[in-house]
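Report on the structure
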Amino acid sequence: TGVEPDVKVTRDKAMETAYMLALEKRLEQEEDKEIKYSLAWTIDGIKTRQNPVNVEEKTMKLYVGVYGPRKITLENGELYYQRENRPKMKMVPMKDDTFMFNDIDYFRVKFIKEGNKVVALEGNYDNGRTDRNDKS
């Protein structure tokens, strides 16, 4: 009994999927550039949580290092981000070179490569601002 859903999804992902579909519909209709950026940012985060990305450990090892006030470490097969004396945060892969955090929604990092060498870390913010720190 009941109504067959338009989108088949498990019960635990139903609310998040409905939210994402609503955001995608809004994104299609939105004309304001800043609002579109914010909607796309949120949608990308939801998609990452629903479909986790795996990054090979050899790739993660390339990212370990100091980038100005930022430090990246590899612990038990997972990358961690720490800025100055703030707490460490586990990095959640979105792509091979881009990571988000469960602890904060407004910030992500992207590693910049030249050839096969990692040269910098770019901080990306939900308002479109970016900053960059070169690897020491």
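Along every chain, residues carry numbers that run from 1 in the direction the sequence is written. Note on the predicted model: pLDDT of at least 70 is required for a residue's local features to be given, and 80 or more for side-chain atom pairs to be given and counted; whole-chain, interface and lining totals, by contrast, use all residues. Here the side-chain values reflect all heavy atoms present in the structure, with hydrogen atoms and water set aside.

This part takes up a nonpolar patch on the surface. A patch is a set of surface residues, each over 30% in relative accessible area and not in a salt bridge, joined within 9 Å for like charges and within 5 Å for the nonpolar side chains Val, Leu, Ile, Met, Phe, Trp and Tyr. What sets the accessible areas is the Shrake-Rupley method with a 1.4 Å probe; for residues, cover comes only from the shown protein chains. Salt bridge, as used here, is a side-chain nitrogen of Lys or Arg placed within 4 Å of a carboxyl oxygen of Asp or Glu. On the surface, Val7, Val9 and Leu21 cluster together into a nonpolar patch covering about 200 Å² of accessible area. Structurally, Val9 can be placed in the segment before helix 1 (14-29). We classify Val9 as partly exposed; its relative accessible area is 36%. Each helix is a run of H or I in the DSSP string that is no shorter than four residues. Each strand is a run of E no shorter than two, and both are numbered from the N terminus. A simple rule labels every residue: compare its accessible area, found with a 1.4 Å probe on the protein chains alone, to the largest value its type can have, and call it buried under 20%, exposed over 50%, or partly exposed in between.

Only strands joined by at least two bridges in the DSSP assignment are considered to pair. Pairing in this open sheet of eight strands is antiparallel, and the strands run 1-2-3-4-5-6-7-8 from one edge to the other. Each end of this open sheet is capped by a strand with a single partner; those strands are strand 1 (65-67) and strand 8 (130-134). With strand direction ignored, the average angle separating the axes of adjacent strands in the sheet is 30 degrees. Relative to strand 3 (residues 78-83), strand 2 (residues 70-75) runs antiparallel, the two being bridged by six bridges. Across the sheet, residue Glu75 finds its bridge partner in strand 3, namely Glu78. Together, strand 4 (89-93), strand 5 (98-101), strand 6 (107-114) and strand 7 (117-125) form the strand contacts of helix 2 (residues 33-50), whose direction differs from that of strand 6 by roughly 85 degrees. The axes are straight lines fitted to the C-alpha atoms, using for helices just the contacting stretch, and the angles between their N-to-C directions are given from 0 to 180°. Contacts were defined at the residue level, with two residues in contact if any of their heavy atoms lie within 4.5 Å.

Take Thr73: it is sitting in strand 2. Within polar-contact distance, the side chain of Thr73 engages the side chain of Glu75 at 3.1 Å. A 3.5 Å cut-off defines polar contacts: any pair of N or O atoms within that distance qualifies, except that in protein one atom must be a possible hydrogen donor and the other a possible acceptor, and neighbouring residues in sequence count only when both atoms are side-chain atoms.

Turning our eyes to something else, we now look at the nonpolar core. Of all hydrophobic cores here, the largest spans 18 residues; its most connected members are Ile72, Met91, Val109 and Phe111. Broken down by secondary-structure element, the contributors of at least two residues to this core are helix 3 (57-63), strand 3, strand 4, strand 5, strand 6 and strand 7. Once residues within four sequence positions are removed from consideration, Val109 is found in contact with Tyr81, Met91, Asp97, Thr98, Phe99, Phe101, Leu121, Glu122 and Asn124. Residues grouped as a nonpolar core are buried Ala, Val, Leu, Ile, Met, Phe, Trp, Tyr and Cys residues, joined through side-chain atoms within 4.5 Å. In terms of nonpolar packing, the next biggest core, distinct from the first, is built from five residues, Met20, Leu39, Ile43 and Ile46 among them.

Between the first and last C-alpha of helix 2 there are 26 Å, a value that for 18 residues agrees with the 26 Å anticipated at 1.5 Å per step. Restricting attention to buried positions, one finds in helix 2 the residues Leu39, Trp41, Ile43, Gly45, Ile46, Thr48 and Gln50. Looking at the packing, one finds that the buried side of helix 2 touches helix 1, strand 4, strand 5, strand 6 and strand 7. Backbone nitrogen of Glu34 and a side-chain oxygen of the N-cap are separated by 3.0 Å at the start of helix 2; the cap is Asp32. Here the expected length of a helix is defined as 1.5 Å per residue gap, with one fewer gap than residues.

This part takes up the packing of helix 1 against helix 2. Where helix 1 contacts helix 2, the axes come no closer than 10 Å and their chain directions differ by 150 degrees. As far as their axial angle goes, helix 2 and helix 1 are roughly antiparallel. Note on packing geometry: the crossing formed by helix 1 with helix 2 is left-handed. Touching Glu16, Thr17, Tyr19, Met20, Leu23, Glu24, Arg26 and Leu27 of helix 1 are Ile35, Lys36, Leu39, Ala40, Thr42, Ile43, Ile46, Lys47, Arg49 and Gln50, all from helix 2. Of the residues belonging to the contact of helix 1 with helix 2, the class tally is nine nonpolar, three polar and six charged. Geometric relationships in this document are graded by angle, where less than 35 degrees denotes roughly parallel, more than 145 denotes roughly antiparallel, 65 to 115 denotes roughly perpendicular, and other angles denote oblique. Put simply, a crossing is left-handed when the front helix is turned counterclockwise from the back one by less than a right angle, and right-handed when it is turned clockwise. In this classification, the charged set is Asp, Glu, Lys and Arg, the nonpolar set is Ala, Val, Leu, Ile, Met, Phe, Trp, Tyr, Cys and Pro, and all remaining amino acids, among them Gly, are polar.

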